[in-house]
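As a plain string of letters, each chain reads:
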Amino acid sequence: MLRVCRSAIPAGSLIVVEKELGKVVPMQEKLRVVVVEDEALIRMDVVATLEEADFEVVAQGADGEEAIELANEHKPDLIVMDIKMPKLDGISAAEKIAELKIPVVLLTAFSQSDLVSRAADAGAMAYVTKPFKPTDLLPAIQIALARHEELTALESEIADLSDRLETRKLMDRAKGILMSKMKLSEPDAFRWIQKASMDRRLSMAQVAKAVIDQLGQKASDEDNS
Ligand SMILES: [Mg+2]
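No experiment lies behind these values; they were computed from the predicted model shown.

**Q** Break down the nonpolar core for me, with residues and values.
**A** Leu78, Ile79, Met81, Val104 and Val105 are the most contacted members of the largest nonpolar core, which has 38 residues in total. Those elements that provide at least two residues to this core are β4 (32–36), α1 (40–52), α2 (64–74), β6 (78–82), α3 (90–98), β7 (104–108), β8 (126–129) and α5 (134–157). Of the residues forming this core, the biggest block, six residues, is contributed by α5. Those residues in contact with methionine 81 that sit more than four places away from it in its chain are Val36, Ala67, Gly90, Ala93, Ala94, Val104, Leu106 and Leu107. By size, the runner-up hydrophobic cluster in this structure holds 13 residues, among which are Ala174, Ala205, Val207 and Val211.

**Q** Lay out the pairing of β7 in plain terms, naming residues and giving numbers.
**A** In terms of burial, β7 is largely enclosed, as five of its five residues are buried. Here β7 shows a buried face lined by Val104, Leu106 and Thr108 and a second buried face lined by Val105 and Leu107. Read from β6 through α3 to β7, the crossover connection turns out right-handed. Pairing between β7 and β8: four bridges, direction parallel. Its bridge partner lying in β8, leucine 107 is registered against valine 128.

About the criteria used
- Residues numbered from 1 in each chain as written.
- Predicted model: local features only at pLDDT ≥ 70, side-chain atom pairs only at ≥ 80, totals over all residues.
- Core = buried A, V, L, I, M, F, W, Y, C linked by C-beta atoms within 7 Å.
- Buried ≥ 20, exposed ≤ 12 C-beta atoms within 10 Å, placed from the backbone.
- Helix = DSSP H or I, 4+ residues; strand = E, 2+ residues; numbered from the N terminus.
- Contact = placed C-beta atoms within 7 Å.
- Right-handed = clockwise from strand over helix to strand, strands pointing away.
- Pairing = 2+ DSSP bridges.

On their own, these measurements won't tell you what the molecule is for.
Laid out in structure tokens, this is it:
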């Protein structure tokens, strides 16, 4: 079961996503979602998929301006939003919504790389190409929530921007090493570092650096052999 839950630990980390057998089940309260899509049939599909997976759809909209209004009004845990919409496109809306620190999953009928990189710059945490299946949408949501959790944890740890960039680079390298050495998924690699940091009372940057120092050299030796 794919279990999406709020967790009391660690402080600053809002959402914990645990993998179990297949469906999304909230452990405590349902995750609140806003869905914004100008094509009514697709919007209904998204809403049905989310409700089937036990999310609470708190509001629906049909253009980018509405997306920003609904985000401000409802402060949802997640926004699922189309890119191509009237008034304001989904990427421009995601840029505004990023300021509210709400994770966004973008729906796109296009797989053009310029749109995708604009979406990444806008702070969109994941995207899904239409036509989507529940098996596409739900993992994208899981990724968006996990990345959001990671960003939130990092932000609470580091206030300074240059430290943050440096830590981000260390974290990315350390996660890559853990993913290849320990066969972990990206969210699990992050959680491994986060847990080691809490257990040993070290910063996540210190743990990441230790991972790189102790495992990274071996990894590159093996790559070269
Ligand atoms: Mg559209």
